[in-house]
Amino acid sequence: MTDPIADYLTRLRNAIKASHRIVEIPASNIKKEITKVLHEKGYIQNYKFEENGPQGSIKIALKFNPVTKQNAIVSLKRVSTPGLRKYVKHTELPRVINGLGIAIVSTSKGVMTDKEARTEGVGGEVICYVY
């Protein structure tokens, strides 16, 4: 597999389209950090890290509106790919849908949202957009 983060986002997208409540994804440190950010910002309901086998897995409970059956995540878009990395300064951090969405950024101080990176004054690699 050349791009495990794209695989992670695709599994989430597929589970949302199929209206699954829970999705299981092979774990890695960056995926765990992205999952924590998504949970903090309210895009997923809950998550659990399981240490089975050499790699482990992440179980994510997706968040749905009980009335409209619509998911909290409308779109997941990969920005920086292995073939074309996208690095930005803290002054050039993107605003997703004029601040309504989040950009997940991998910085020297860890994985965080674009707003947190702006306040910390650090730039980094833009991993994905979520809204």
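Source: prediction; values computed, not measured. (Residues numbered from 1 in each chain as written. Predicted model: local features only at pLDDT ≥ 70, side-chain atom pairs only at ≥ 80, totals over all residues. Heavy atoms only, no water.)

Peer 1: Where do I start with the sheet that holds strand β2 (residues 44–50) in this structure?
Peer 2: Sheet strands pair via backbone hydrogen bonds, and the direction of the pair is either parallel or antiparallel. If you walk across this open sheet you meet the three strands as β1-β3-β2, and the pairing is antiparallel. Since the sheet does not close on itself, it has two edges, and those belong to β1 (22–26) and β2, each with one partner. Averaged over all adjacent pairs, the angle separating strand axes in this sheet is 20°, with direction ignored. By the bridge criterion, five bridges tie β1 to strand β3 (residues 57–62) in an arrangement that is antiparallel. Each bridged residue has a counterpart across the sheet, and for Val23 the counterpart in β3 is Ile60. Helix α1 (residues 4–17) rests against β1 and β3 of the sheet, and its axis sits at about 165° to β1. Sitting on the sheet, helix α2 (residues 29–40) touches β1, β2 and β3, and the angle it makes with β2 is about 155°. (Pairing = 2+ DSSP bridges. Helix = DSSP H or I, 4+ residues; strand = E, 2+ residues; numbered from the N terminus. Axes fitted to C-alpha atoms, helices over the stretch in contact; angles between N-to-C directions. Contact = heavy atoms within 4.5 Å.)

Peer 1: Please explain α2 as it appears in this structure.
Peer 2: Note that an α-helix has 3.6 residues per turn; residues three or four places apart therefore point the same way. For α2, built from 12 residues, the straight-helix expectation of 16 Å at 1.5 Å per residue is met to within 8% by its first-to-last C-alpha distance of 17 Å. The set of residues buried in α2 consists of Lys31, Lys32, Ile34, Thr35, Val37 and Leu38. The first or second residue beyond α2 is Gly42, which carries a positive phi of 85°. (Expected span 1.5 Å × (residues − 1). Buried < 20%, exposed > 50% of the residue type's maximum accessible area, 1.4 Å probe, protein only.)

Peer 1: What exactly am I supposed to notice about the pattern of salt bridges here?
Peer 2: Where charged atoms from two side chains of opposite charge come close, those side chains can pair. Summed over the entire model, instances satisfying the criterion amount to 10 salt bridges. Ionic pairing is found between Arg78 and Asp3, a salt bridge with its closest N-O pair at 3.0 Å. Here Arg78, found in strand β4 (residues 76–78), pairs with Asp3, found in the segment before α1; they are 75 residues apart in sequence, far enough to count as distant. Accessibility expressed as a relative area gives 15% for Arg78, which makes it buried. (Salt bridge = Lys/Arg side-chain N within 4 Å of Asp/Glu carboxyl O.)

Peer 1: How should unusual backbone geometry be read in this particular structure?
Peer 2: Across residues other than glycine, the phi torsion is negative in most instances, and most of the peptide bonds are trans. Look at Ser19: it is not a glycine, yet its phi comes out positive at around 60°. Assignment of secondary structure puts Ser19 in the loop between α1 and β1.

Peer 1: I keep staring at the packing of aromatic side chains and nothing clicks. Help me out?
Peer 2: Remark: the centre distance and the inter-plane angle together describe each pair of aromatic rings, the angle taken between the planes. Counted under the stated rule, the structure contains one aromatic pair. Taking 5.1 Å as the distance between ring centres and 45° as the angle between the ring planes, the aromatic pair formed by Tyr47 and Phe49 counts as tilted. Relative accessible area serves as the criterion here: at 25%, Tyr47 is assigned to the partly exposed category. Between the NZ or CZ atom of Lys32 and the centre of the ring of Phe49, over which it lies, the distance is 5.3 Å. (Phe/Tyr/Trp six-rings, centres within 6.5 Å; stacked < 30°, edge-to-face > 60°. Lys NZ or Arg CZ within 6 Å of the ring centre and 35° of its normal.)

Peer 1: Can you help me understand the nonpolar core in this one?
Peer 2: In summary, soluble globular proteins display a tendency toward joint burial of nonpolar side chains. Judged by nonpolar contacts, the single largest core of 26 residues is most densely connected at Leu12, Leu38, Ile60, Ile104 and Val130. Listed by contribution, the elements that provide at least two residues to this core are α1, β1, α2, β3, β6 (102–107) and β8 (124–130). Residue contributions to this core peak at six residues, all from α1. Excluding residues that lie within four positions of it along the chain, Ile60 makes contacts with Tyr8, Leu12, Arg21, Ile22, Val23, Ile25, Thr35, Ile44, Asn46 and Tyr47. Grouped together as the second largest cluster of nonpolar side chains are 11 residues, Val79, Val88, Leu93 and Ala117 included. (Core = buried A, V, L, I, M, F, W, Y, C linked by side-chain atoms within 4.5 Å.)

By themselves these figures say nothing about function.
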